[in-house]
Structure formats: C-alpha cells, structure tokens
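Here are the chains, one letter per residue:
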Amino acid sequence: MLARPPLSLYIHIPWCIRKCPYCDFNSHESNSPLPEHEYIEALLEDLAHEFSRFGQNQRELISIFIGGGTPSLFSGDSYRALLHRISELVNFSSKIEITLEANPGTVEAERFSSYRDAGINRLSLGIQSFNNDCLLKLGRIHNSEESLQAIEIAKGVGFKNFNLDLMHGLPGQESEQALNDLQIAISVAPTHISWYQLTIEPNTAFYRYPPQLPHEAILEKIQEDGQNLLESHGYVQYEVSAFAKNGFTSLHNHNYWSFGDYLGVGAGAHGKLTLPNENKLIRIRKQKQPNSYLQGQARREAELKDIPKQERTVEFLMNALRLKDGFNQIQFESRTGLAFSVISKRVEYQIENGLMQRTEKDGEEFFSTTTIGYRFLNSVLEEFL
Ligand SMILES: C[S@@+](CC[C@H](N)C(=O)[O-])C[C@H]1O[C@@H](n2cnc3c(N)ncnc32)[C@H](O)[C@@H]1O
Ligand code: SF4
C-alpha cells in the first residue's frame, strides 16, 4: 500500500553570470538585471497552484532546497519574503532544513548575513576546487582566495551547518591535487562535503570539445584515497557523493534518495508526489525557459507523468541503493505500492553473489549494496529491470 513519505520543496533559480563548460543544469547566462521580484512572485504562484491541484498543504515540509543556477544572485530580502509567504501556505517541521546554494564570489559572500537573517539555516558553497589552475580550466569566475574568504564569512555570520561542493577527476588533475583539495576542505571544518567525480554531459561545451581527463587508474586512486581521507576525518559517506559529520546528513538529500516526496517550483524544476488515494506516483516537470516560466499560463502547463507499477521498482532502487544504508521492506512497500515479494528473489540472488547485503539498523533489517556492489551499481540495477 502506498503511504505518504516525508515532503520536501525544491526551488530553482535558473540564472548564472557565466555558463560553466561542464554544466548541464538548467542555468542561463545573464548579464542584465534579473527579474527578481517577478520571479519570486511566480514561484509563489507556482507553489500555491501545486497545493490547489494536489492538495498537499496539510503536510509538513521537512526541508527546502534553493538550488540553481546561482541562487546567491538574489537578495536576502527576496528570500525572507519568499520563505515567509511559503510558511503561510504550508507548515514547516520544527527541525526544517533550509539550504541555499551559493557561489563563493565576493559579491555573493556579502549577502550571507542577510540569508541567515532570512531563515536559511544551511549554506552549500560551490567551491569545486581550491586550485586556481583547475578553476580556470573549469571556466569558474571565482578563485581559491575568494572561496576561503567566503567560507570564513559564512562561518562568521553563524552558518554552523554548511556544505562544500567539490569536484574531482578534473582536466589534467593528479591524484595529489585532488587530495589536496579535500585536505583544504577538511581544514575549514564543514559539516558536509559533496564530492563529485566530473562527468562529461551531452549539451555542454566539454562534450563538444572534450578536455583531457585523468586516466582510469588515477581516477580510481583518487576515489579510494579520497574516501579514506574523508572517513579518517569523521566524514561518513551516506550516498555516492555525499559525506557528512555525525548528525549532519542532509535531510533534503536523504529524502530525495530514499524516494521521498518533493514539490519542485521554478523554471525546469522537477517534483515527485505520492497520491495514495488514487494509488498513483507522479512526476512533475516545469517549463525550462525562464521567460516562458515567468508567463502565468505557460507556467501551469507543467508536464505530468505517472510512474507505472512496472517502473517503480527500478526507480525506487536507482535512488535507494545510492544510499549506503539502503532500504527496508516497509520503505519499499510504502513508497512503491508493491509487495516486497516482487523483488525478494532477486535481492537474495544479489546477496548470494556478494553484491548486496542484509544489515541491521535500530533493530530493523535493511538491504544495501556491498562495497563491490556499490562500485558496480549499474550492474546491480540491471538485475531489477
Ligand atoms: C546545481 S550545481 C551548481 C551550483 C552552483 N551554481 C555552482 O556552480 O557552484 C551543484 C553541483 O553539482 C556539481 N556538478 C555540476 N556539474 C557537474 C558535472 N558535470 N560533473 C560532476 N559534478 C557536477 C558541482 O559540484 C556543483 O557545485
Ligand atoms: S555550474 Fe553552477 S555556476 Fe556554473 S553554469 Fe552550472 S549552475 Fe551556473
């Protein structure tokens, strides 16, 4: 039986000062003044519309994630108004996590204090690397000194909970450089580190003009040594790219990866909702172009997609098996609406082959990938197609 999982909210800000050559997020370069006020109004109208058609506003929000693009191009005043008006539409859990993704440029850092005052309680800084040559090759417009300053400012204005985004496997990168980036990150004591291996995505400049990436052996060494370094400093890996100090797992990330529900507002935002009364799981995708999104009618023409029963197993596992702890039977059944017997034989088969394991957490049985299964996640998932 489907049951409602926790509910999160994702808010997308679709503009950046300059498009990075590796980025396939819905971000649009803009040098002219942004329609900040209009966009905030559009987000609120979008959210109110979501509540009126799906009736989810009796639920409590456990997290809000303001991502981009570059959300730190907007002012603290805009976010204060936005969060206040969202709180009039839906209840916030007493422990709500409200994250804003910020770029570490000087202008952005000047706004951190007003973000804190606006009610944002977690900052995620897009550092990428502390090496200026690497930053240049990545087409970033900030440098390492600005990053270190931005981190100090974030701490100084009271962000106790902050994440650093780093990438590795960068053009021309040696394993020592990647580890050095991690070491510097660890030295400034974030509560969370997102450590992504650079991927070359279609529709990016790097796809059209591929840079020289490190060889496979170097990538493997970076991965292994980096994970050991993070773990030895108390950063526990809970997802493929996410490492957190005890008690600082991101509620938003965790809800997303455990196939929880989330509403998505903003240009190109995605949502996923469980509708138990109709026995449905749906995905919602908004207009990608900021200008179209700003026009009321076009904004309401979001794409709706039902996740049919035959796709739910793989969709659930594609998310839940990225979590180190995996999932339990109740989560599988309540989040897919399917009986556990649908996958139990295949789970047993993976356990026999050493790719999955049974573990116990708080007296409950969980199913997760083994170290080797985690490395070959795609092969594990293929068994469930
Ligand atoms: C929504 S993106 C960008 C947030 C912010 N605008 C920035 O650039 O810092 C979130 C993170 O995804 C990671 N990322 C983006 N593109 C990637 C790629 N092609 N491969 C690996 N990681 C990527 C970066 O670490 C980035 O900070
Ligand atoms: S990586 Fe970040 S700053 Fe660069 S284009 Fe993408 S969203 Fe914008």
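Residues numbered from 1 in each chain as written. Chains lettered and ligands numbered in written order. Predicted model: local features only at pLDDT ≥ 70, side-chain atom pairs only at ≥ 80, totals over all residues.

The protein goes by Heme chaperone HemW in an unreviewed UniProt entry, where it is assigned to OM182 bacterium MED-G28. According to UniProt, the comment filed for the protein under the heading Subcellular location (unreviewed entry) is "Cytoplasm". If you open the UniProt record of the protein and go to Sequence similarities (unreviewed entry), you find "Belongs to the anaerobic coproporphyrinogen-III oxidase family. HemW subfamily." (UniProt positions renumbered as here; feature names shortened; annotations may be inferred.)

Colleague: Please clarify how the domain arrangement of the protein should be interpreted in this entry.
Modeller: Along its sequence, the protein is carved into domain 1 (7-255) and domain 2 (328-385). Spacing between the C-alpha centres of domain 1 and domain 2 amounts to 30 Å. (Domains from an automatic or database assignment.)

Colleague: Can you walk me through the site of ligand 2 in this structure?
Modeller: Every residue lining ligand 2 is accounted for by C16, K19, C20, C23, F25, S27, G68, G69, T70, N103 and G126. Of the residues contributing to the shell around ligand 2, the split by class is four nonpolar, six polar and one charged. (Near = placed C-beta within 6 Å. Nonpolar A, V, L, I, M, F, W, Y, C, P; charged D, E, K, R; others polar.)

Colleague: Which parts of the structure should I look at to understand the packing of helix 7 (residues 175-187) against helix 9 (residues 216-232)?
Modeller: To characterise two packed helices, one gives the angle between the axes of the helices and the distance between these axes. Packing of helix 7 against helix 9 brings their axes to within 9 Å, and their N-to-C directions diverge by 25°. Classified by the interaxial angle, the pair formed by helix 7 and helix 9 is roughly parallel. For helix 7 against helix 9, the interelement crossing comes out right-handed. Between helix 7 and helix 9, the contacting residues are S175, A178, L179 and L182 on the first element and I218, K221, I222, D225, G226, L229 and L230 on the second. (Axes fitted to C-alpha atoms, helices over the stretch in contact; angles between N-to-C directions. Helix = DSSP H or I, 4+ residues; strand = E, 2+ residues; numbered from the N terminus. Parallel < 35°, antiparallel > 145°, perpendicular 65-115°, else oblique. Left-handed = near helix turned anticlockwise from the far one by under 90°. Contact = placed C-beta atoms within 7 Å.)

Colleague: I would appreciate a short explanation of the UniProt feature "domain: Radical SAM core" (unreviewed entry) in the protein in the present structure.
Modeller: Here, UniProt's "domain: Radical SAM core" (unreviewed entry) annotation points to residues 1-239. Its end C-alpha atoms 27 Å apart, residues 1-239 is made of 41% helix and 23% strand.

Colleague: What's the story with helix 7 in this structure? I'm lost.
Modeller: Every α-helix winds through 3.6 residues per turn, so residues three or four apart in the chain are directed the same way. Compared with the 18 Å implied by 1.5 Å per residue over 13 residues, the 18 Å span of helix 7 between its first and last C-alpha is a close match. Looking at the buried side of helix 7, the elements it contacts are strand 7 (162-168), strand 8 (192-197) and helix 9. Once helix 7 finishes, A189 follows within two positions and takes phi at roughly 55°, a positive value. (Expected span 1.5 Å × (residues − 1).)

Colleague: Can you walk me through the nonpolar core in this structure?
Modeller: Proteins that are soluble and globular tend to have nonpolar side chains buried together. L43, I64, L123, L125, A154, L166 and A320 are the most contacted members of the largest nonpolar core, which has 80 residues in total. Both domains that meet at this core, namely domain 1 (7-255) and domain 2 (328-385), each give it at least three residues. (Core = buried A, V, L, I, M, F, W, Y, C linked by C-beta atoms within 7 Å. Buried ≥ 20, exposed ≤ 12 C-beta atoms within 10 Å, placed from the backbone.)

Colleague: Just to check I follow, could you spell out the site of ligand 1 for this structure?
Modeller: Taken together, 16 residues lie near ligand 1, and Y22, G126, D165, Y196 and T199 sit nearest. Secondary-structure elements contributing two or more residues to the shell around ligand 1 are strand 4 (60-68), strand 6 (122-128) and strand 7.

Colleague: Which parts of the structure should I look at to understand the packing of helix 13 (residues 309-320) against helix 14 (residues 329-336)?
Modeller: Contact geometry for helix 13 and helix 14: axes closest at 10 Å, N-to-C directions at 130°. Viewed along their axes, helix 13 and helix 14 adopt a mutual orientation that is oblique. In this structure, helix 13 crosses over helix 14, and the sense of that crossing is right-handed. Across the interface between the two elements, R312, T313 and F316 from helix 13 touch F332, R335 and T336 from helix 14.

Colleague: For this particular structure, what's the right way to read the pairing of strand 5 (residues 91-102)?
Modeller: Note that strand 4 and strand 5 share six bridges and pair parallel. By the bridge assignment, L61 is partnered in strand 5 with F92. Between strand 4 and its parallel partner strand 5, the chain crosses via helix 2 (residues 76-89), and the hand of that crossover is right-handed. (Pairing = 2+ DSSP bridges. Right-handed = clockwise from strand over helix to strand, strands pointing away.)

Colleague: Could you clarify how one ought to interpret the environment of N103 in this entry?
Modeller: Take N103: it is sitting in the loop between strand 5 and helix 3 (106-109). Since 26 C-beta atoms lie within 10 Å of it, N103 is described here as buried. In sequence terms N103 and A150 are 47 residues apart; their C-alpha atoms lie 8.8 Å from each other. Apart from the residues within four sequence positions on either side, N103 is in contact with T70, S72, E108, G126 and H142.

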